[in-house]
Amino acid sequence: MLRGKNVVLGVTGGIAAYKACEIISGLKKIGANIDVIMTKSAAEFITPYTFQSLTGNPAILNMFESPKYWDMEHISLAQKSDILLIAPATANIMGKVANGIADDMLTTTIMASNKPVVFAPAMNTKMYENPVVQKNMETLIARGYHIIPPKGGMLACGDEGQGKLQDVTIILEELQKIYQKELKTEKKDLEGLKFLVTAGPTREIIDPVRFLSNHSTGKMGYEIAKAIVKRGGRVTLISGPTSLRAPEGVDLVLVETAEEMFEAVKKAYPQCDILIKSAAVSDYRPKIREAQKVKKESQEEEMQLTLVRNPDILLELGKMKKPGNIHVGFAAETENIVEHGQEKIQKKNLDFIVANDVTEEGAGFAHNTNIVHFIDKNGDHSKTEKVEKSAIAHEILDKVLLLK
Ligand code: PMT
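Residues numbered from 1 in each chain as written. Predicted model: local features only at pLDDT ≥ 70, side-chain atom pairs only at ≥ 80, totals over all residues. Heavy atoms only, no water.

Asks: Run through the site of the ligand, naming residues and quoting values.
Replies: What surrounds the ligand is a group of 27 residues, the closest being Ser216, Thr217, Lys277, Lys344 and Asn356. Coverage of the ligand by the protein amounts to 96% of the 780 Å² it exposes when considered alone. At the level of secondary structure, the elements contributing two or more residues to the shell around the ligand comprise helix H9 (219-230), helix H11 (313-320), strand E16 (326-333) and helix H12 (337-348). At 4 residues, E16 tops the list of elements feeding residues into the shell around the ligand. Partitioning the shell around the ligand into residue classes produces 12 nonpolar, 8 polar and 7 charged. (Near = heavy atom within 4 Å. Areas by Shrake-Rupley, 256 points an atom, 1.4 Å probe, with all protein chains shown as cover. Helix = DSSP H or I, 4+ residues; strand = E, 2+ residues; numbered from the N terminus. Nonpolar A, V, L, I, M, F, W, Y, C, P; charged D, E, K, R; others polar.)

Below you can see the structure in the form of structure tokens.
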């Protein structure tokens, strides 16, 4: 897939910099052409001559040295490349790119590129877990960059935990998958299709200061909406309360409660061909919505809250489904994932369901990654690895296309 393609390999300063050599030989075996850009600190760990001998191309270190064979190196390399891989990626490079800093050859090339950029981080566990680093990675993902997460193990500094550069074979596999997905998005294979996607939680109001809800952040549904736009489809995104920015190009409808979501979905549904319901809708709401804040009764140790059923939106829409419509449900489960998923397919008249075990590490609520079971109405079943929610989103859309 990367045969004959131009890969720009960015190498930043860390003990794993030597692994870049292994990445180069893997890329060469695939048949890719490689240009290396290294940061100054990478050159403390490994020399440009090593990369030059391995790739057959000059390794670029300094933005201001006389150009080797391009007019404006950072622009030319950004244009020449088919994909950029930054491995190992330090906290520093990810922080710079996430915050728009372009002060050397590598950061300027990344900023000037409209090609897929993939970071394979490697650093000390505590650094990796630092909320600032995590936030920067979230920002990168939200802006369309890709991350191949590090693996766990004994680090060079003696600490044990996540932070080791991912295995080179896995990096190369992921790189090729990302390249293939990006090629697909260039194809605009969803042109002419109209989607209705729901995302996020609902809030069921108790009184003016309290509500019942769940842990959904909307990430899964927003990734689906983003992927649809990228691939040329049209999408109405009906979202419960989240802190996410609406992806560009979607028609966003904000709602709070399950009843509001039901009304919004019923209104948008007739204009759509494909329904994807990733929202975590509360099954019950308080019977009474108090107009004033409920006060603590001094005598009472317990209080009763009476709940009533919310409409099952997906089930109701299943009754309205016409030939040609495609309905995709989600299932958030904690046990018997496949059995429960299959029951929901029948009950809610679905074409397929995306079931996640929300107790599994890296799956379900709030993570940037997910692990899902695809179960279709004929009983076919497959399970994904732990991958970015954006990758799950594209896989869902691939499956939808197969049904068209
Ligand atoms: O938002 P994130 O933080 O990224 O988390 C993603 C997620 C965990 C919310 C998502 O992956 C997921 O599992 N969404 C479905 C959550 C859910 O409500 O599952 P369920 O098994 O309770 O419902 C089954 C299906 O019926 C869902 O498609 C749901 O949208 C729909 N439903 C449920 C109840 C209801 N009253 N109306 C509905 O339409």
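What follows continues from the structure just given.
Asks: Describe unusual backbone geometry, with residues and values.
Replies: A cis amide bond links alanine 87 to the next residue, proline 88, at an omega of -5°. With respect to the helices and strands, proline 88 occurs in strand E3 (residues 83-89). Its identity as a non-glycine residue notwithstanding, asparagine 349 has a phi of 60°, on the positive side. By secondary structure assignment, the location of asparagine 349 is in the loop between H12 and strand E17 (352-357).

Asks: Talk me through helix H10 (residues 258-268); I want residue IDs and the actual numbers.
Replies: Of all the residues in H10, the buried ones are Ala258, Met261, Phe262, Ala264, Val265 and Ala268. At its buried positions, H10 is contacted by strand E8 (194-199), strand E9 (204-207), strand E11 (234-239), strand E12 (251-254), strand E13 (274-277) and H11. (Buried < 20%, exposed > 50% of the residue type's maximum accessible area, 1.4 Å probe, protein only. Contact = heavy atoms within 4.5 Å.)

Asks: Give a detailed account of the pattern of salt bridges, specifying residues and quantitative values.
Replies: Under the definition given, this model contains 20 salt bridges. Between lysine 177 and glutamate 174 there is a salt bridge, with the nearest N and O atoms lying 3.4 Å from each other. Placement of both lysine 177 and glutamate 174 in helix H8 (residues 168-187) is noted, with a separation of 3 residues, approximately one turn of the helix. Looking at lysine 177, the relative accessible area reads 42%, which means it is partly exposed. Through salt bridges with shared partners, a single network forms among Lys181, Asp189, Arg231 and Asp398. (Salt bridge = Lys/Arg side-chain N within 4 Å of Asp/Glu carboxyl O.)

Asks: Account for the packing of aromatic side chains, naming residues and giving values.
Replies: Within this structure, the stated rule accounts for 2 aromatic pairs. Judged by centre distance (5.9 Å) and plane angle (65°), the rings of phenylalanine 119 and tyrosine 145 are edge-to-face. A residue pair is termed long-range when its members are at least 10 positions apart, and phenylalanine 119 in strand E4 (residues 117-121) and tyrosine 145 in the loop between helix H7 (131-142) and strand E5 (146-147) qualify at 26 residues. Note on accessibility: phenylalanine 119 and tyrosine 145 belong to one class, buried. (Phe/Tyr/Trp six-rings, centres within 6.5 Å; stacked < 30°, edge-to-face > 60°.)

Asks: Can you explain the domain arrangement of the protein chain? Please cite residues and give values.
Replies: Looking at the protein chain, the domain boundaries give domain 1 (6-185) and domain 2 (194-403). Put simply, the middle of domain 1 and the middle of domain 2, counted by C-alpha atoms, are 35 Å apart. Across the boundary between the two partners, domain 1 contributes 9 residues, which contact 11 residues of domain 2. Buried area between domain 1 and domain 2, both sides added, is near 950 Å², and the carbon and sulfur share of it is 46%. Interface area lost by domain 1 to domain 2 is led by Ile141, Lys181 and Thr185, which between them contribute 49%. At the junction of domain 1 and domain 2, the tally comes to 2 salt bridges. When the shortest N-O distance is used, the salt bridge between aspartate 398 and lysine 181 registers 3.6 Å. Taken together, domain 1 and domain 2 are joined by 3 residue pairs in polar contact (both at pLDDT 80 or more). Among the secondary structure elements, those contributing two or more residues to the side of domain 1 that touches domain 2 are H7, E5 and H8. A total of 4 residues in the side of domain 1 that touches domain 2 trace back to one element, the largest contributor, which is H8. (Domains from an automatic or database assignment. Buried area = accessible area lost by both parts, 1.4 Å probe. Polar contact = N/O pair within 3.5 Å; in protein donor to acceptor, adjacent residues only side chain to side chain.)

Asks: I'd love a proper account of a negative patch on the surface, names of residues and values included.
Replies: There is a patch of like negative charges on the surface, built from Glu297, Glu300, Glu301 and Glu302. Mapped onto the elements of the fold, glutamate 297 is located in the loop between strand E14 (284-286) and strand E15 (307-309). (Patch = residues over 30% accessible without salt bridge, like charges linked within 9 Å, V, L, I, M, F, W, Y side chains within 5 Å. Lys, Arg positive; Asp, Glu negative; His and termini not counted. Charge placed at Lys NZ, Arg CZ, Asp CG, Glu CD.)

Asks: Before we move on, can you summarise the side chain of aspartate 351 with the specific residues and values?
Replies: The topology assignment puts aspartate 351 in the loop between H12 and E17. For aspartate 351, a relative accessible area of 10% gives the class buried. Within polar-contact distance, the side chain of aspartate 351 engages the side chain of lysine 321 at 2.8 Å. Of the polar contacts made by the side chain of aspartate 351, one reaches the backbone nitrogen of histidine 327; its length is 2.8 Å. In contact with aspartate 351, other than residues within four places in its own chain, are Lys321, Asn325, Ile326, His327, Asp376, Lys377 and Leu403.

Asks: Go over the sheet that holds E13 with me, naming the residues and quoting the values.
Replies: One open sheet holds the 8 strands; their spatial order is E12-E11-E8-E13-E16-E17-E19-E20, and the pairing between them is mixed. The open sheet is flanked by E12 and strand E20 (381-383), the only strands paired with a single partner. The sheet shows a mean angle of 15° between the axes of neighbouring strands, direction not considered. Note: E13 against E16, 4 bridges, orientation parallel. Bridge assignment links isoleucine 276 to a residue of E16, and that residue is valine 328. This element, H11, spans E13 and E16 of the sheet and lies at about 165° to E13. (Pairing = 2+ DSSP bridges. Axes fitted to C-alpha atoms, helices over the stretch in contact; angles between N-to-C directions.)

Asks: Residue-level account of the sheet that holds strand E2 (residues 33-38), with values.
Replies: Where strands meet in a sheet, backbone hydrogen bonds hold them as pairs that are either parallel or antiparallel. With parallel pairing, the 5 strands of this open sheet are ordered in space as E2-E1-E3-E4-E5. Each end of this open sheet is capped by a strand with a single partner; those strands are E2 and E5. Across 2 bridges, the pairing between E4 and E5 is parallel. In the strand pairing of E5, phenylalanine 119 is matched with isoleucine 147.

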